[in-house]
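# Remarks on the overall topology
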Amino acid sequence: MSNYISVVNRIEYEQLQLTKKIMLSKGDIEMIKENNTLLHNEIRKLTKTIENTLTVRQIKETKQKLNK
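Summarised in this report is the structure supplied together with it. (Residues numbered from 1 in each chain as written. Predicted model: local features only at pLDDT ≥ 70, side-chain atom pairs only at ≥ 80, totals over all residues. Heavy atoms only, no water.)

## Some points on the side chain of Thr47
Quick reminder of the rule: Only DSSP runs of H or I reaching four residues or more are called helices, and only runs of E reaching two or more are called strands; each is numbered from the N terminus. A simple rule labels every residue: compare its accessible area, found with a 1.4 Å probe on the protein chains alone, to the largest value its type can have, and call it buried under 20%, exposed over 50%, or partly exposed in between. In protein, a polar contact means a hydrogen-donor-capable atom and an acceptor-capable atom, both N or O and within 3.5 Å, with residues adjacent in sequence counting only if both atoms are side-chain atoms; elsewhere, any N or O pair within 3.5 Å suffices.
Mapping Thr47 onto the fold places it in helix α2 (residues 26-67). Under the relative-accessibility criterion, Thr47 is labelled buried at 17%. A distance of 2.8 Å separates a polar side-chain atom of Thr47 from the backbone oxygen of Ile43.

Take a look at the structure:
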């Protein structure tokens, strides 16, 4: 998961650098920035969901072990 997030963050950074180097309209640049922000926020939500799911699973596994 951390590798995935690192890759996405790298892509986000590279896109930002591209917007500084090539001729794009201000609207295009704003759209790229908004999309990057949206992508970043969605990845954070996904990360929290995965962490919560793993925590719940670990709790269930621990309870099962204690009940044996």
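Moving on, there is more to tell.
## With respect to α2
Here is the rule: Each residue after the first adds 1.5 Å to the expected span of a helix. The criterion used for residue contact is that any of the two residues' heavy atoms lie within 4.5 Å.
Between its first and last C-alpha atoms α2 spans 62 Å; for 42 residues at 1.5 Å apiece the expected length is 62 Å, and the two agree. Restricting attention to buried positions, one finds in α2 the residues Ile29, Asn36, Ile43 and Thr47. Where α2 is buried, its residues meet α1 (2-21).

## A closer look at the pattern of salt bridges
What counts here: A pairing counts as a salt bridge when a side-chain nitrogen of Lys or Arg comes within 4 Å of a carboxyl oxygen of Asp or Glu.
Taken as a whole and judged by the stated rule, the model has two salt bridges. Taking the shortest distance from any N to any O, the salt bridge between Glu14 and Arg10 comes out at 3.0 Å. Pair noted here: Glu14 and Arg10 are both in helix α1, with a separation of four residues, about one helical turn. When its relative accessible area of 42% is taken as the criterion, Arg10 is described as partly exposed. The partner of Glu42 in a salt bridge is Lys45, and the shortest N-O contact between them spans 3.2 Å. Taken together, the residues span about one helical turn, with Glu42 and Lys45 both in helix α2 at a distance of three residues. On the basis of relative accessibility, which here comes to 40%, the residue Glu42 falls in the partly exposed class.

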